[in-house]
Amino acid sequence: MAAVRLWRWRCRCRALLSRPAGAVRAQRGLAAGPEMHFGFQTVTEEERREKIYQVFETVAKKYDVMNDSMTLGIHRVWKDILVHKMNPCPGTLLLDVAGGTGDIAFRFINYVRSVRQRQLQRKLKHNQNLSWQEIFESYQEDKFNSLGDSQVVVCDINREMLKVGKQKAQRLGYSEGLSWVLGNAEELPFDDDKFDVYTIAFGIRNVTRIDLALQEAYRVLKPGGRFLCLEFSHVSNPLLSRLYDLYSFQVIPVLGEVIAGDWRSYQYLVESIRQFPPQEELKAMIEDAGFFKVDYENLNFGIVAIHSGFKL
Amino acid sequence: MEGWHQLYPGHIPTSPLQKALLAAGSAVMALYDPYRHDMVAVFGETTGCLALPNLRDKMRNHPEGYRILQERPRIRLSTLDMARLQGLPDGSLGREYVRFLEDNKVSPDTRMPAKFVDDEELAYVIQRYREVHDLMHTLLGMPTNMLGEVVVKWFEAIQTGLPMCVLGAAFGPVRLSTRKLQVLATELVPWAIRSGLNASCVLNVYYEQRWEQPVESLREELGIFPPPAVRV
């Protein structure tokens, strides 16, 4: 069954790459024509990719500062919750797509390190009857394994964001277990069945073909692997929704202008959040890509949602 | 949100709340980081709602100013004939302007276009004010160091009434040394104020048609008193 599904998916993929976009989209029941949204504007697919690339190229250096200002630091909590939900154990291979400035990657490393620490401490407790020499030797072999063979690959389509991420890693002292790869979420430069976990935090909104990104996620995950997506979503509570809209449209572009000197990119940001599919729709898209046990968790009344799925 | 109400290229329509937030935010940022010239520009645009129409009316009621509003000349490297200006005799507006640009290593192309002014004519007025700023330096004989800029801001504050100039004039001196402050307070500012009050509106001069005119003659015509003999 799975083999047939895989085969069918592979055929679709090949068809996609050879047929004109419009026909395929119509066949798959997606929006007809090459027009897409860029915030509240209508543009072609190619234009959208270009514009988004430029947005992140411009904001890269001020990305982290802006995140802190816009969300009043709460984005840190959201990302912490994502990694806690992931609950990685040492030895996990994580692919963080659209991982740009490395926030998820660094948290992953910290988490795995602390789990590893606890593992080693437990091991030590069992070894309390060993001689000093033997204990010392056991330190030596574990010293080079503080991550327990865990690794994270940070993949981003934007060179500037990766650059900022690498500089941050150096500044914060992260060296082992990290790889930085330039790549497109719609067409990942990785082989099938490679990763234990795939995360995409605040990135899937900027992908032009979300369905392709989800298919790629499915492809590169190992069987048993987990898909996790952290993204802005829809607030259903009407009062909160009004306040959220007011804040988004009135304050955020102003913050963008004052802090980053760039109104337009942050205008795009708030518009793109409104254009993104709501929780249930995204859940359906993830299921379409082949994931099982797809679920979502709203954070802050739906301002942000974590979607999770498994490749079985 | 933007494309439908754009009055001129680069225009970003803003609500009153956004303008208020921008004014406050840009003021704070401009004071915090003086290199953020874009913040000074934004502050000027969001707080100029009274001064700009005033300036525009002054221009409308003056024959030369009216012509400027009609023809909308822009001072840019692409529109200036640098070679010709350099060839003009010493002491002429054109020659001194080019000398000023070279000595201070500035270019007329670094002026920010207007973004938050919700009237296309007023956007031009503030653009004209920005582009004429270097000519102010030339007319007043002030370099682009902190002291020179503050003096020009005092003059412009009197002339235009723009809150941005007023704030620049008031807060600019904060970073100056005591000796410079003394010179500023005793000689330069009184002169700038007297000249500003006495002079006719500097935006009513079609500078592009007066490159050959000697600077002294233009000063006299406008009513700007000769600059004090101090090192700035």
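So, here is what we can say about the structure in this document. Here the structure is a predicted model, which means the values were calculated and not measured.

**Re a nonpolar patch on the surface**
All names here are of chain B.
No. 1: A cluster of nonpolar side chains, contributed by L31, V166, L167, F171 and V174, occupies part of the molecular surface with about 430 Å² of accessible area.
No. 2: It is helix α9 (residues 163–171) that provides the largest number of residues to the nonpolar patch, a total of 3 residues.
No. 3: Mapped onto the secondary structure, L31 falls in helix α1 (residues 16–32).

**Observations regarding the interface of chain A and chain B**
Interface size is commonly expressed as the accessible area that is lost once the parts come together.
No. 1: Contacts between the two partners involve 16 residues from chain A and, on the opposite side, 21 residues from chain B.
No. 2: Summed over both sides, the interface of chain A with chain B buries roughly 1400 Å², with 59% coming from carbon and sulfur.
No. 3: A per-residue breakdown of the area chain A buries against chain B is headed by V258(A), W263(A) and R264(A), which together make up 41% of the total.
No. 4: For the interface between chain A and chain B, the tally reads 1 salt bridge.
No. 5: The salt bridge involving E257(A) is made with K115(B); its shortest N-O contact spans 3.0 Å.

**Brief notes about helix α4 (residues 63–71) of chain B**
Residues and elements named next belong to chain B.
No. 1: For α4, the complete set of buried residues consists of E64, G65, I68 and L69. Along the axis of α4, the buried residues cluster in a sector spanning 140°; they form a single face. In α4, the exposed positions angled more than 90 degrees off the buried face are occupied by P63 and Q70.
No. 2: On its buried face, α4 sits against α3 (51–60) and α7 (120–140).
No. 3: Looking at the residues trailing α4, positive phi occurs at R72, about 50°.

**Some remarks on the sheet that holds strand β5 (residues 178–182) of chain A**
Residue and element names in this part refer to chain A.
No. 1: Spatially, β5-β4-β3-β6-β7-β9-β8 is the arrangement adopted by the 7 strands of the open sheet, whose pairing is mixed. Every interior strand has two partners, whereas the edge strands, β5 and β8 (292–299), have only one. Direction aside, the axes of adjacent strands within the sheet are offset by 15° on average.
No. 2: Sheet topology note: the β8/strand β9 (residues 304–310) ladder contains 6 bridges and is antiparallel.

How each quantity is defined
Residues numbered from 1 in each chain as written. Chains lettered and ligands numbered in written order. Predicted model: local features only at pLDDT ≥ 70, side-chain atom pairs only at ≥ 80, totals over all residues. Heavy atoms only, no water. Patch = residues over 30% accessible without salt bridge, like charges linked within 9 Å, V, L, I, M, F, W, Y side chains within 5 Å. Areas by Shrake-Rupley, 256 points an atom, 1.4 Å probe, with all protein chains shown as cover. Salt bridge = Lys/Arg side-chain N within 4 Å of Asp/Glu carboxyl O. Helix = DSSP H or I, 4+ residues; strand = E, 2+ residues; numbered from the N terminus. Contact = heavy atoms within 4.5 Å. Buried area = accessible area lost by both parts, 1.4 Å probe. Buried < 20%, exposed > 50% of the residue type's maximum accessible area, 1.4 Å probe, protein only. Arc of directions from axis to C-beta. Pairing = 2+ DSSP bridges. Axes fitted to C-alpha atoms, helices over the stretch in contact; angles between N-to-C directions.

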